[in-house]
Structures are given as structure tokens and as C-alpha cells.
Amino acid sequence: MRTLRLAVSALAVCVALSACGGQDGTGDTPTPTPTGAQPVTSPPSPDPSIPPTPGDPVDPTGPALPLPTRPTGGPTKTPPAGGTTLTGTVTSGVEPNCLLLDNYLLIGGPRDLLKAGAKVTVTGRVQRDLLTTCQQGTPFLVETARRG
């Protein structure tokens, strides 16, 4: 019996609280502010006919910018096995132990051959969803490497 009384009381409280949501159905009621304080309001929407000035906040719902294009000098040949072959000079990345070839981050491969300044030909595949600590380059999983 006690459980039934508790359930009925809880139901009555829920009904009473839902009725306090507002007469228009939105449930929005003004929040009281401390004496002397001003309520926080969002800034007015910018006029779309006025161009933005430097330092203005960016509208996240505005038009999308075009996607960047891949720089030239990418893959030089696509072998039939589905891999990609890159040929060029290995460069150091901005982070330690990060090696790049034609804006591709070399992952794996023989490190005695893959060194900054070495002219090489590598075969492998792009792995765009691979997370690395290097801050540049598209991850490229090296399957084979030879002096180029």
C-alpha cells in the first residue's frame, strides 16, 4: 500500500511540474536575475548585406568553403596489384621520426633506406583514417622500398 501511495504522489508531482512549463507549450520561462545584474543575451545576427570585417566571428552555418586540392607531384604510377608507387626524395617532417615523400607520411618500411634526403621508390597504399603524431602528410603504408 505504501508503494502505491508513493507512486501516486510521484505521478502527481510530475503532472504538476509539466503543467508549469508554460502556457504556449514551449516550456520557456524567463530566468530571474540577481538584483542589479543584466540578463545574458545572444548577439544580434549580422546583416548578410554587410561584408564581414577582420576579427568578426565566423558564422558556422554560412556557406562552405571549397575543399583544398591535392598538390601536384602525387602518385606517379598505379601498379595492377592495387598499390600506389611514389618516387622522389624523402624529407623530414615537423615532428621527430616523421618522414614525408610528395606530401605523404611514410609509415613503416625499412628505416635504414628511408631517411631524409634519400631518393627512393616506395610501393604501398594510402590509409587516410590512420591517426599519427605527425602533424602533416597523408598516411602512406609502405609495403616495399628501394633506392630510386
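Residues numbered from 1 in each chain as written. Predicted model: local features only at pLDDT ≥ 70, side-chain atom pairs only at ≥ 80, totals over all residues. Heavy atoms only, no water.

Participant: Which parts of the structure should I look at to understand the sheet that holds strand E2 (residues 91-92)?
Facilitator: Hydrogen bonding along the main chain pairs the strands of a sheet, whether they run parallel or antiparallel. The mixed open sheet is built from six strands, whose spatial order is E1-E5-E6-E4-E3-E2. Of all strands in the sheet, those bounded by a partner on one side alone are strand E1 (84-89) and E2. The pairing of E1 with strand E5 (residues 119-126) spans six bridges and is antiparallel. Directly across from Thr85, in E5, lies its bridge partner Thr123. (Pairing = 2+ DSSP bridges. Helix = DSSP H or I, 4+ residues; strand = E, 2+ residues; numbered from the N terminus.)

Participant: What am I meant to see in the state of the cysteines here?
Facilitator: As used here, a disulfide is simply a covalent bond connecting the sulfur atoms of two cysteines. Across all of its chains, the model carries one disulfide by this definition. There is a disulfide in this structure between Cys98 and Cys134, and the S-S distance comes to 1.8 Å. One disulfide, between Cys98 and Cys134, carries an S-S torsion of -85° and so falls in the left-handed class. Placement of the pair is Cys98 in the loop between E2 and strand E3 (99-101) and Cys134 in the loop between E5 and strand E6 (138-147), with a sequence separation of 36 residues. Each member of the pair, Cys98 as well as Cys134, carries the same accessibility label: buried. (Disulfide = S-S within 2.5 Å. Buried < 20%, exposed > 50% of the residue type's maximum accessible area, 1.4 Å probe, protein only.)

Participant: Would you mind showing me how to read the environment of Gly88 here?
Facilitator: Inspection of the secondary structure assignment puts Gly88 in strand E1. Classification of Gly88 by relative accessible area gives buried; the value is 19%. In this structure, the C-alpha to C-alpha distance between Gly88 and Val122, residues 34 residues apart in sequence, is 8.9 Å. Residue contacts for Gly88: discarding those within four places in its chain leaves Leu101, Ala118, Lys119 and Val120. (Contact = heavy atoms within 4.5 Å.)

Participant: What should I look at first to understand the nonpolar core in this one?
Facilitator: Inside soluble globular proteins, nonpolar side chains tend to come together where they are buried. Core analysis: the biggest nonpolar cluster contains 13 residues, and Leu106, Leu114, Val120, Val122 and Phe140 have the highest contact counts within it. Leaving out residues up to four positions away in the same chain, Leu114 has contacts with Leu99, Leu106, Gly108, Gly109, Val120, Val122, Val142 and Ala145. (Core = buried A, V, L, I, M, F, W, Y, C linked by side-chain atoms within 4.5 Å.)

Participant: It is not clear to me how the side chain of Thr85 should be interpreted in this structure. Could you clarify?
Facilitator: Here Thr85 lies in strand E1. Overall, Thr85 belongs to the buried group, its relative accessible area being 10%.

Participant: In this structure, what is going on with the pairing of E5? I would like to understand it.
Facilitator: Looking along a regular strand, one sees the side chains alternate between the two faces of the sheet. Here seven bridges tie E5 to E6, and the two strands are oriented antiparallel to one another. Its bridge partner lying in E6, Val120 is registered against Arg147.

Participant: I tried to follow the packing of aromatic side chains on my own but got confused; where do I start?
Facilitator: Aromatic ring pairs are defined here through the distance separating the ring centres and the angle between the ring planes. Going through the model one piece at a time under the given rule, you end up with one aromatic pair. Considering the side-chain rings of Tyr104 and Phe140, the 5.8 Å spacing of their centres and the 65° angle between planes classify their relative orientation as edge-to-face. Separated by 36 residues along the polypeptide, Tyr104 in strand E4 (residues 104-107) and Phe140 in strand E6 bring together distant segments of the chain. For Tyr104, a relative accessible area of 3% gives the class buried. Classification of Phe140 by relative accessible area gives buried; the value is 0%. (Phe/Tyr/Trp six-rings, centres within 6.5 Å; stacked < 30°, edge-to-face > 60°.)

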